[in-house]
Amino acid sequence: MSASPELSGSGWPIVARKEFADHVRSTRFLVLFGLVALAGLAAVHAATGTIRDAAQQTSGGPSVFLFLFTLSKNRLPSFHEFLGFLGPLLGIAFGFDAINSERSSRTLSRLVAQPVHRDEIVNGKFAAGMGAIGLAVGCVVCLVSGYGIVRLGLVPTAGDVARIVAYVVVLVAYIALWYGVALLASILARRAATAALAALALWLVLTLFGGVISGAIADAVHPVGSAATSADVLANARLDQRIHRISPDELYQEATQVLLDPEARSTDVVTSPSRLDQAIPGELGLRESVSLASWQILVLLGGVAALFAADYLIFMGQEVRA
């Protein structure tokens with residue numbers, strides 16, 4: 001964002017509006033939005049046959065409309081799985097050059113020289129990134145929902161809409177967390193390429209290799225060989241899940257699992273048979289589903305807040321006029 005007279009009014013909302021306009025008008029935004037939208041539509045289109053069968057066989061069960069976001073066919077991931085994979089790339093793409101590009105083009109020092117406080121720069125950039133992420137996610141979800149209505153002739157109920165809105169909040173928080181990571185890398189690294197590589201490396205470790213790492217640790221602590229008992233297998237699975245929860249992707253998937261499935265009773269991979277036997281058949285209300293995923297949602301939101309605080313404090317401590 002180059003310095004301009006339009007910033008003479010100061011205030012982070014002005015910086016945010018300028019940055020938000022730059023985001024949504026950029027080729028980067030259009031390409032990423034198109035990629036995510038196409039992936040979502042492909043997942044929904046592939047699952048429409050299964051959804052039709054479910055609509056014919058389901059009577060008094062969970063809303064079929066929510067299957068648009070959770071069902072998959074063959075090896076194609078479902079909509080929420082696609083977004084879990086592509087969402088971080090959206091956040092990283094918006095944030096990896098937010099600050100260091102200003103430094104490399106020597107516009108940051110000129111921006112600070114205007115009536116714009118240093119904290120307003122980082123506040124405005126973070127707010128703009130959040131706004132661009134929210135716009136992209138909202139448009140994709142509305143596009144997929146509209147496609148489902150037209151393709152299947154299904155209309156969401158008020159409960160479905162409430163669950164989809166709750167899911168969008170979790171998805172935005174999940175992507176915003178990775179935006180905060182990329183913005184932090186942009187503040188620490190002088191080159192945009194270095195910041196992008198650092199953010200992508202962390203994403204690869206936590207998202208793609210997190211399950212492998214947690215599984216290896218669980219196998220080392222609780223081996224599950226041919227002589228393993230059911231207690232050993234249960235302990236292995238629980239430790240695997242606890243370690244894997246370090247990854248934001250795991251928290252997102254667990255929260256999504258109960259928000260988009262009214263019949264889900266737990267976010268745990270392994271649930272004891274006694275708990276299943278005691279569960280009352282039927283759908284849960286949105287409040288109960290949110291309660292089940294409350295700590296996953298709070299961790300995601302807390303992660304966004306913690307990263308914003310780190311971005312703010314580190315940027316405020318840096319010399320920007322050089």
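Residues numbered from 1 in each chain as written. Predicted model: local features only at pLDDT ≥ 70, side-chain atom pairs only at ≥ 80, totals over all residues. Heavy atoms only, no water.

1. Thoughts on the overall build of the chain
Test applied: The helix count covers DSSP runs of H or I at least four residues long, the strand count covers runs of E at least two residues long, and both are numbered beginning at the N terminus. Per-residue accessibility, obtained with a 1.4 Å probe over protein chains only, is compared with the maximum for each type, and a residue is labelled buried under 20%, exposed over 50%, and partly exposed between these values. Contact between two residues is taken to exist if any of their heavy atoms lie within 4.5 Å; hydrogens are not considered. Working definition of accessibility: Shrake-Rupley area with a 1.4 Å probe, residue cover restricted to the visible protein chains.
Looking only at helices and strands, one finds 15 helices and 0 strands in the chain. Looking at the chain residue by residue over its 322 residues, the buried ones come to 46%. Sequence separation of at least 24 residues holds for 78% of the intrachain contacts in the chain that already meet a minimum separation of 6. Element-wise, carbon and sulfur atoms account for 64% of the exposed surface of the chain, whose accessible area totals about 15,300 Å².

2. Quick look at helix α9 (residues 192–208)
An α-helical turn contains 3.6 residues, so any two residues separated by three or four positions project in the same direction. The criterion, for reference: Helix span is expected to be 1.5 Å times the residue number reduced by one. In this description, the arc belongs to the directions extending from the helix axis to the C-beta atoms.
Under the 1.5 Å per step criterion, the end-to-end length of α9 is 23 Å for 17 residues, consistent within 8% with the ideal 24 Å. Within α9, burial applies to A195, A196, A199, W203, L206 and T207. Buried positions in α9, seen along its axis, are confined to an arc of 110 degrees and lie on one side of it. Facing away from the buried surface of α9 by more than 90 degrees, the exposed residues are A193 and L197. Elements that come into contact with the buried residues of α9 comprise α4 (79–95), α5 (100–104), α8 (158–188), α10 (210–221) and α12 (248–259).

3. Remarks on the environment of R245
Assignment of secondary structure puts R245 in the loop between α11 (230–244) and α12. Residue classification places R245 among the buried residues on the basis of a relative accessible area of 16%. Considering only alpha carbons, one finds R245 and G211, 34 residues apart in sequence, at a separation of 9.4 Å. Discounting residues that sit within four places of it in the chain, R245 has contacts with E250, L251, E254, T267, D268, W295 and Q296.

4. Details of the confidence of the model for the chain
Defined as follows: Values of pLDDT, which run from 0 to 100, indicate the predictor's confidence residue by residue.
On average, residues of the chain score 83 in pLDDT, and 85% of them reach the 70 mark or higher. Predicted confidence is poor over residues 2–9, with pLDDT under 50, and the contacts of this stretch with residues over four places away or in other chains come to 16 contacts.

5. Some details on the nonpolar core
This is how it is decided: In plain words, nonpolar cores are sets of buried Ala, Val, Leu, Ile, Met, Phe, Trp, Tyr and Cys residues tied together by side-chain atoms within 4.5 Å.
Ranked by internal contacts, the top residues of the largest apolar core, which has 75 residues, are I51, F69, F79, L83, V137 and L171. For this core, the elements supplying multiple residues, two or more each, are α2 (27–57), α3 (67–70), α4, α7 (118–152), α8, α9, α12 and α15 (294–316). Tallying contributions element by element places α8 first for this core, with 19 residues. Apart from the residues within four sequence positions on either side, V137 is in contact with V168, L171, V172 and I175.

6. Details of the side chain of D249
With respect to the helices, strands and loops of the structure, D249 is situated in helix α12. When neighbours within four sequence positions are excluded, D249 is seen to be in contact with G84, Y174 and T207.

7. A short note on the environment of V36
Positionally, V36 belongs in helix α2. Judged by relative accessible area, which is 8%, V36 ranks as buried. For the pair V36 and L89, spaced 53 residues apart in sequence, the C-alpha separation works out to 10.0 Å. The residues touching V36, leaving out its near neighbours within four places in the chain, are L83, L86 and V140.

8. Focus: the pattern of salt bridges
Rules: Each salt bridge in this description consists of a side-chain nitrogen of Lys or Arg and a carboxyl oxygen of Asp or Glu lying within 4 Å of one another.
Enumeration according to the criterion identifies 4 salt bridges in this entry. We note a salt bridge from D22 to K18, for which the minimum N-O separation is 3.2 Å. Of this pair, D22 and K18 are both found in helix α1 (residues 12–25), 4 residues apart, which corresponds to roughly one turn of the helix. We classify K18 as buried; its relative accessible area is 18%. Notably, a salt bridge pairs D97 with R28, separated by 2.9 Å at the nearest N-O pair. Separated by 69 residues along the polypeptide, D97 in the loop between α4 and α5 and R28 in helix α2 bring together distant segments of the chain. Among the residues examined, D97 registers a relative accessible area of 16% and is labelled buried.

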